[in-house]
Amino acid sequence: MNAPNDKIVRRYDDIEEEDNHLPNWWLFILFSTIVFMFGYWFVYHTLKLLPSPPVEYANEIDALKKARNAANPMSDDALASLAKDPAIVAEGKQVFASTCASCHGPEAAGLVGPNLTDNYWLHGANPTDIAKSMTDGYPEKGMPSWGPILGAEKVRKVTAFILSIRNTNVAGGKAPQGDPVN
Amino acid sequence: MSSPAPILSSMKVDGSRNYIIPADVHGRWIRLRRLGFVALIGFYVLAPFIPMGGHPMVQLDVAGRRFFLFGQTFNAQDFWMVLLLLLTFAFGLLLVTAWRGRVWCGWGCPQTVFLEGVYRPIERFFEGPREKRLRQANEPWTGERVLRRVAKLTAFLLVSMVIAHTATAIFVSPRELWLMIAEGPGTHLEAFSLTTGFTAILMFNFTWFREQFCVVLCPYGRLQSVLHDRDSVTVAYAEKRGEPRGKAHKTLETGAPKVGDCVDCRKCVNVCPTGIDIRNGLQMECLACNQCIDACDEVMVKLNRPTGLVGFASQTELSGGARRVVRPRLMVYGALMLLSAGTLGVSLVNRTPFEANVFRQHGTNPFVVDGEVVRNAFEVHVTNKNPAEARFSLALTAPVSGAEISVGTPTIELKSLTDAHVPVMVSIPTSSLSMTPVELTLTVKDETNGSQRVIPVRFMAPPMHH
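Residues numbered from 1 in each chain as written. Chains lettered and ligands numbered in written order. Predicted model: local features only at pLDDT ≥ 70, side-chain atom pairs only at ≥ 80, totals over all residues. Heavy atoms only, no water.

Let's talk about a nonpolar patch on the surface
Line of reasoning, step 1. There is a patch of nonpolar side chains on the surface, built from Leu22(A), Trp26(A), Leu30(A), Phe31(A), Ile34(A), Met37(A), Phe38(A), Trp41(A), Phe42(A), Leu47(A), Leu49(A) and Leu50(A) and spanning about 1,200 Å² of accessible area.
Line of reasoning, step 2. On the basis of relative accessibility, which here comes to 41%, the residue Phe42(A) falls in the partly exposed class. (Patch = residues over 30% accessible without salt bridge, like charges linked within 9 Å, V, L, I, M, F, W, Y side chains within 5 Å. Areas by Shrake-Rupley, 256 points an atom, 1.4 Å probe, with all protein chains shown as cover. Salt bridge = Lys/Arg side-chain N within 4 Å of Asp/Glu carboxyl O. Buried < 20%, exposed > 50% of the residue type's maximum accessible area, 1.4 Å probe, protein only.)

Here it is in structure tokens:
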């Protein structure tokens, strides 16, 4: 059984190392990856025939952002026209009730936060101003930035709701704050 | 160690493949193993189709981060439990290897279960037994042989497709899989590519690669020399009883030299799925399939000799010692496995069917001083992990007088595996803030089943001077 083996190349602590042939399929994989490496190198880095994965990723993210912006226009006119859509306003009201009512009151007539049913505004009364106040917040005054939590779509809906109740002057509301708007 | 086989029994000296064709085997171990194969394959194929608690018994919706297991619903937040599951499995594998060798390979590994339980029987059915196939290897191809080969590969392809589609069904649920098939590969290119790719891998693996995976590729297989010790019980040839090998002479009558019980029929070598000769002693390639035991026992019974010439023994036993089962290594592995399994069990029992976490509201200052009051804004994140819609109530209490607490939505209804952020505003008059910070208590209760969580919340305020 223990015939001397001339293939033994190293012996240490009774562990013998032989220099045997590797399985051919194993070598095939090794050489294939080397060939593949050259192909990949030329296609992606030398000739740039195809976009490299980071570029492809950046392109996809850009396309996604463009599509989102196109679906959620943030112009004064677009927001004002949303305020005339009762379905959107109703959805905005629902988000308002669960998210904003704890500070601005269930009727939006103001509690800790200002009254939203009068015609006085602290940070601008344009539809885009209102959306911006909501998205970025005024942390020093206690208004959180809701953009990251609600997302652009819900911000638009809540803006539509607020535009629809503006200047309705709900009874028992908080005293006006800010500048009057004509 | 040098053995008569060149390098590997499944490889020639020049590195080319020596394709193993094991002979048929009969006996108690192969019968038992086949029962195991049926149970395991049955579970794999049926698990996605058996409904339990409104969902498949096993569905791993990775894209939706929803995991349905035996009627329980898990989400990504439960993923930490996978660690305990893997530790239980890993320590279990260490334990069983140190105790009984590669039994996982011979009995539980999908590579063996599908190869010996499905593909090899199909091959045997279409192309005949080992003897016929070895004879044909040196003969020219005939029409019948081509036809048999095509039939075998067709059957392999069908089986591979079933296995691959079952795998897809585990991830997307059978109903979804059916809709995907109906809508065609064009609309579900990703799922189609993955399923087709998996089918191709199965075909390559079970048609050609086979035991190469176990003896060259599998990392667990390569680790055997550190997982075994001299007391591990493995499939072993009783050399003292078997040697010297020789024909089954009627020793006493002929007066020929006494020979051992091994008649050198090579049946144990012929049935081996990795092509090794168990009589060379413990080898890394042995998958503990026990087929050589069955083959040898059959011969011993015919010769009216006791069975078990190839049986189970540890290295210590083979050199004349006693079998040692109770030893520190097994105790430590066993204890670690039980610890992992126990922790997993306790975690599962104590799991609440919802998650509730409190954050300071995104983008606000820690506190706002507004005249005579200090305000903190919090946000409670609630996730419903029930399999159905549930109603949650949120209540916050403050241990000081004059606190004004306003919870955005004191009760919320959430569908299964949906979440909500509930804003909470707390105002406390500066006159009550002699000690800061103030510890508030939030109680979130699942009204549908009464389970609740009590979470401490810290109210922050500037240092007060009274």
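Structural notes on the domain arrangement of chain A
Line of reasoning, step 1. Domain assignment breaks chain A into domain 1 (7-51) and domain 2 (70-180).
Line of reasoning, step 2. The straight-line distance from the C-alpha centre of domain 1 of chain A to that of domain 2 of chain A is 63 Å. (Domains from an automatic or database assignment.)

Focus on the sheet that holds strand β5 (residues 72-75) of chain B
Residue and element names in this part refer to chain B.
Line of reasoning, step 1. Pairing within the open sheet is antiparallel, and its three strands lie in the order β3-β4-β5. The sheet is open, and its two borders are formed by β3 (58-61) and β5, each paired with just one other strand. Here the strands of the sheet are splayed against their neighbours by 15 degrees on average, with no regard to which way each runs.
Line of reasoning, step 2. Both strand β4 (residues 66-69) and β5 contribute to a ladder of four bridges, which runs antiparallel. Across the sheet, Arg 66 pairs through a bridge with Asn 75, a residue of β5. (Pairing = 2+ DSSP bridges. Helix = DSSP H or I, 4+ residues; strand = E, 2+ residues; numbered from the N terminus. Axes fitted to C-alpha atoms, helices over the stretch in contact; angles between N-to-C directions.)

Structural notes on the interface of chain B and chain A
Interfaces are frequently sized by the accessible area removed from exposure as the parts join.
Line of reasoning, step 1. Taken residue by residue, the interface counts 30 residues in chain B and 30 residues in chain A.
Line of reasoning, step 2. Interface of chain B and chain A: buried area, both sides summed, is about 2,400 Å²; carbon and sulfur atoms make up 60% of it.
Line of reasoning, step 3. For the pair chain B and chain A, the number of links is three residue pairs in polar contact (both at pLDDT 80 or more).
Line of reasoning, step 4. Looking at the side of chain B that touches chain A, the elements with two or more residues in it are α8 (189-209), α9 (211-217), β10 (373-384), β12 (404-407) and β14 (419-429) of chain B.
Line of reasoning, step 5. In terms of residue count, the dominant contributor to the side of chain B that touches chain A is β14(B) (four residues).
Line of reasoning, step 6. In terms of residue class, the side of chain B that touches chain A is built from twelve nonpolar, 15 polar and three charged. (Contact = heavy atoms within 4.5 Å. Buried area = accessible area lost by both parts, 1.4 Å probe. Polar contact = N/O pair within 3.5 Å; in protein donor to acceptor, adjacent residues only side chain to side chain. Nonpolar A, V, L, I, M, F, W, Y, C, P; charged D, E, K, R; others polar.)

Here's the deal with the side chain of Asp118(A)
Residue and element names in this part refer to chain A.
Line of reasoning, step 1. Mapped onto the elements, Asp 118 comes out in the loop between α5 (101-104) and β3 (120-121).
Line of reasoning, step 2. Although Asp 118 lies buried, it forms no salt bridge, and the closest oppositely charged side chain, Arg 166, sits 9.1 Å away as judged by the N-O distance.
Line of reasoning, step 3. Each residue touching Asp 118, except ones within four places of it in the same chain, is listed here: Arg 166, Asn 167, Asn 169, Lys 174, Pro 176 and Gln 177. (Lys, Arg positive; Asp, Glu negative; His and termini not counted.)

A closer look at the domain arrangement of chain B
Line of reasoning, step 1. Domain parsing of chain B yields domain 1 (28-52 + 109-209) and domain 2 (354-459).
Line of reasoning, step 2. One C-alpha centre belongs to domain 1 of chain B, the other to domain 2 of chain B, and the line joining them spans 54 Å.

Some points on the packing of aromatic side chains
Residue and element names in this part refer to chain B.
Line of reasoning, step 1. All told, the structure shown has 19 aromatic pairs over all chains when counted by the stated rule.
Line of reasoning, step 2. Arranged with centres 5.4 Å apart and planes meeting at 80 degrees, the rings of Trp 29 and Phe 312 form a pair that is edge-to-face. Placement of the pair is Trp 29 in helix α1 (residues 28-46) and Phe 312 in strand β7 (residues 310-313), with a sequence separation of 283 residues.
Line of reasoning, step 3. We classify Trp 29 as buried; its relative accessible area is 17%.
Line of reasoning, step 4. With 6.4 Å between their ring centres and 65 degrees between their planes, Phe 114 and Phe 206 make a pair best called edge-to-face. In this pair, Phe 114 sits in helix α4 (residues 110-127) while Phe 206 sits in helix α8, placing the two residues 92 residues apart along the sequence. Of the two residues, Phe 114 and Phe 206, both sit in the buried class.
Line of reasoning, step 5. An aromatic cluster is defined as three or more aromatic residues linked by ring pairs; in this entry it consists of Tyr 44, Phe 114, Tyr 119, Phe 156 and Phe 206.
Line of reasoning, step 6. In this arrangement the basic side chain of Arg 17 is found over the ring face of Trp 208, its NZ or CZ atom lying 4.8 Å from the centre. (Phe/Tyr/Trp six-rings, centres within 6.5 Å; stacked < 30°, edge-to-face > 60°. Lys NZ or Arg CZ within 6 Å of the ring centre and 35° of its normal.)

Focus on the sheet that holds strand β16 (residues 452-459) of chain B
Whenever strands of a sheet pair, they do so through backbone hydrogen bonds, lying parallel or antiparallel.
All names here are of chain B.
Line of reasoning, step 1. Pairing within the open sheet is antiparallel, and its four strands lie in the order β13-β11-β15-β16. Bordering the open sheet on either side are β13 (411-414) and β16, each of which pairs with just one other strand. Across the sheet, the mean angle separating the axes of adjacent strands is 25 degrees when strand polarity is ignored.
Line of reasoning, step 2. As paired strands, strand β11 (residues 390-397) and β13 are joined by four bridges and run antiparallel to one another. Paired with Ala 390 across the bridge in β13 is Leu 414.

Thoughts on the nonpolar core
When a protein is soluble and globular, its nonpolar side chains tend to lie buried together.
Line of reasoning, step 1. Counting 27 residues, the largest nonpolar core has Val380(B), Leu394(B), Ile412(B), Val426(B), Leu440(B) and Phe459(B) as its most contacted members.
Line of reasoning, step 2. Mapped onto this core, the elements with two or more residues apiece are β8 (354-360), β10, β11, β13, β14, β15 (438-446) and β16 of chain B.
Line of reasoning, step 3. With residues near it in sequence (within four places) discarded, Val380(B) still touches Asn357(B), Val358(B), Leu394(B), Ala420(B), His421(B), Val422(B), Val424(B), Leu442(B) and Val444(B).
Line of reasoning, step 4. If you look at the next biggest cluster of nonpolar residues, it comprises 25 residues, including Cys100(A), Ala101(A), Leu163(A) and Ile165(A). (Core = buried A, V, L, I, M, F, W, Y, C linked by side-chain atoms within 4.5 Å.)

Some words on the pattern of salt bridges
Residue and element names in this part refer to chain B.
Line of reasoning, step 1. Following the criterion strictly, the structure yields 31 salt bridges over all chains and no others.
Line of reasoning, step 2. The residue Arg 66 makes a salt bridge to Asp 61 at a minimum N-O spacing of 3.0 Å.
Line of reasoning, step 3. Judged by relative accessible area, Arg 66 falls into the partly exposed class, the value being 29%.
Line of reasoning, step 4. Among the ionic pairs, Arg 210 bridges to Glu 123, the shortest N-O distance being 3.0 Å. Of this pair, Arg 210 sits in the loop between α8 and α9 while Glu 123 sits in helix α4, and the two are 87 residues apart along the sequence. The exposure classification of Arg 210 matches that of Glu 123, with both residues buried.
Line of reasoning, step 5. A cluster of three or more residues bridged by salt bridges with shared partners is formed by Glu 123, Glu 127, Arg 133, Arg 149, Lys 152 and Arg 210.

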